[in-house]
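Below, each chain spelled out in residue letters.
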Amino acid sequence: MIEHYSFDLWLTLIKSNPLFKPLRIEYFFKNYNFSKKKKIEIKKIFRKVDLMCNLINEKVGKNVDAMEMYLMVLYLLDSKDHGIDSIEMAKLYQNMEDLVLENTPILLNKNIRSTLIKIKEHGSTLSILSNTGFIKGKTLRKVLTKLKILNLFDFVIFSDEIDMSKPNNKIFEILYDKVKVLKKSNSIKKEKIVHIGDNYTAD
């Protein structure tokens, strides 16, 4: 019997609300479009930063923070140096969090919650182990609360909160140590723990 199930988050349990990314582009187009770029160009900038930081996280094993990612976007939008230094990054992120919560990510399918409940009813424990990007772990906790599934997990691990990203072996050791504490047993075998995700490299 599998004693513990660990889940990745994005495209394993949830997916982005289709309204969110267009609204994020619109926000940057209106507020930070220093060089008068077209919306399609802003979309490409977000995609470029996202892919680049994912690659860095996976190759280096550390975590590029959301604020750093937004600064990269702003830098690429500000080709003539219109004053990134004057931007209040905390306020920018708060606006992004508000946008996420107003356009909440969606459960990957309608059976997610009932499946998690059934796993727990069979005696296994659950956790989330997820890399983060433009959305911080603290915001994702609010998302999972809105989706009414956070309470089903015994613990969650987000890369930005430990400055470490999958597939770094150390993050899986942290998972293993947390399971041992949860089970109150140092003898639980790793073969009794399963991690489920969508990314063959990271998961």
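Calculation criteria
Residues numbered from 1 in each chain as written. Predicted model: local features only at pLDDT ≥ 70, side-chain atom pairs only at ≥ 80, totals over all residues. Heavy atoms only, no water. Buried < 20%, exposed > 50% of the residue type's maximum accessible area, 1.4 Å probe, protein only. Helix = DSSP H or I, 4+ residues; strand = E, 2+ residues; numbered from the N terminus. Right-handed = clockwise from strand over helix to strand, strands pointing away. Salt bridge = Lys/Arg side-chain N within 4 Å of Asp/Glu carboxyl O. Pairing = 2+ DSSP bridges. Arc of directions from axis to C-beta. Contact = heavy atoms within 4.5 Å. Core = buried A, V, L, I, M, F, W, Y, C linked by side-chain atoms within 4.5 Å. Axes fitted to C-alpha atoms, helices over the stretch in contact; angles between N-to-C directions.

Trainee: Account for the pairing of strand S4 (residues 125-130), naming residues and giving values.
Mentor: Counted residue by residue, S4 has 6 buried out of 6 residues, so it is predominantly covered. Burial of S4 is two-sided: the residues Thr 125, Ser 127 and Leu 129 facing one way and the residues Leu 126, Ile 128 and Ser 130 facing the other way are all buried. In this fold, the crossover linking S4 to strand S5 (residues 155-158) by way of helix H6 (residues 137-146) has right-handed handedness.

Trainee: Requested: an account of the pattern of salt bridges, with residues and values cited.
Mentor: Evaluation of the coordinates by the stated rule reveals 9 salt bridges. Notably, a salt bridge pairs Glu 161 with Arg 141, separated by 2.5 Å at the nearest N-O pair. Taken together, the residues Glu 161 in helix H7 (residues 159-162) and Arg 141 in helix H6 connect sequence positions 20 residues apart. The class for Glu 161 is partly exposed, based on a relative accessible area of 38%. Lys 190 is the partner of Glu 173 in a salt bridge, and the nearest nitrogen-oxygen pair spans 2.8 Å. Residue Glu 173 is located in helix H8 (residues 169-183), and its partner Lys 190 is located in the loop between H8 and strand S6 (193-196); the two are separated by 17 residues in the primary sequence. A single network of salt bridges, built from pairs that share partners, joins Asp 8, Lys 166 and Asp 203.

Trainee: So what about the pairing of strand S1 (residues 4-7)? Which residues, and what values?
Mentor: It is a general feature of regular strands that their side chains alternate between the two faces of the sheet. Two strands pair when backbone bridges link them, and S1 and S4 are joined in this way by 4 bridges, in the parallel orientation. Residue pairing across strands places His 4 opposite Thr 125, the latter belonging to S4.

Trainee: So, H6: which residues are in play, and what are the values?
Mentor: Among all positions in H6, only Gly 137, Thr 139, Leu 140, Val 143 and Leu 144 are buried. Burial along H6 is one-sided: seen end-on, the buried residues are contained in an arc of 150°. Each element contacted by the buried residues of H6 is listed here: helix H4 (89-102), S4, S5 and H7. Positive phi shows up at Lys 148, right after H6, with a value of about 65°.

Trainee: Tell me what's going on with the nonpolar core, and back it up with residues and numbers.
Mentor: Grouped together as the largest cluster of nonpolar side chains are 49 residues, with contacts concentrated most on Phe 28, Tyr 32, Tyr 70, Leu 74 and Phe 153. For this core, the secondary-structure elements that each account for two or more residues are helix H1 (20-31), helix H2 (39-60), helix H3 (66-77), H4, helix H5 (112-121), S4, H6 and S5. In this structure Tyr 70 touches Arg 24, Phe 28, Phe 46, Met 89, Leu 92, Tyr 93, Met 96 and Phe 134, once residues within four positions along its chain are discounted. In this structure, Ile 157, Met 164, Leu 175 and Tyr 176 belong to the second largest nonpolar core, which totals 10 residues.

Trainee: Explain the sheet that holds S4 to me, using residue names and the numbers behind them.
Mentor: Think of a sheet as strands paired side by side through backbone hydrogen bonds, with each pair either parallel or antiparallel. Read across the open sheet, the 4 strands follow the order S5-S4-S1-S6; overall the sheet is parallel. The open sheet has two edge strands with one neighbour each: S5 and S6. Each adjacent strand pair in this sheet contributes to an overall mean axis angle of 20°, direction not counted. H8 rests against S1, S4, S5 and S6 of the sheet, and its axis sits at about 165° to S5.

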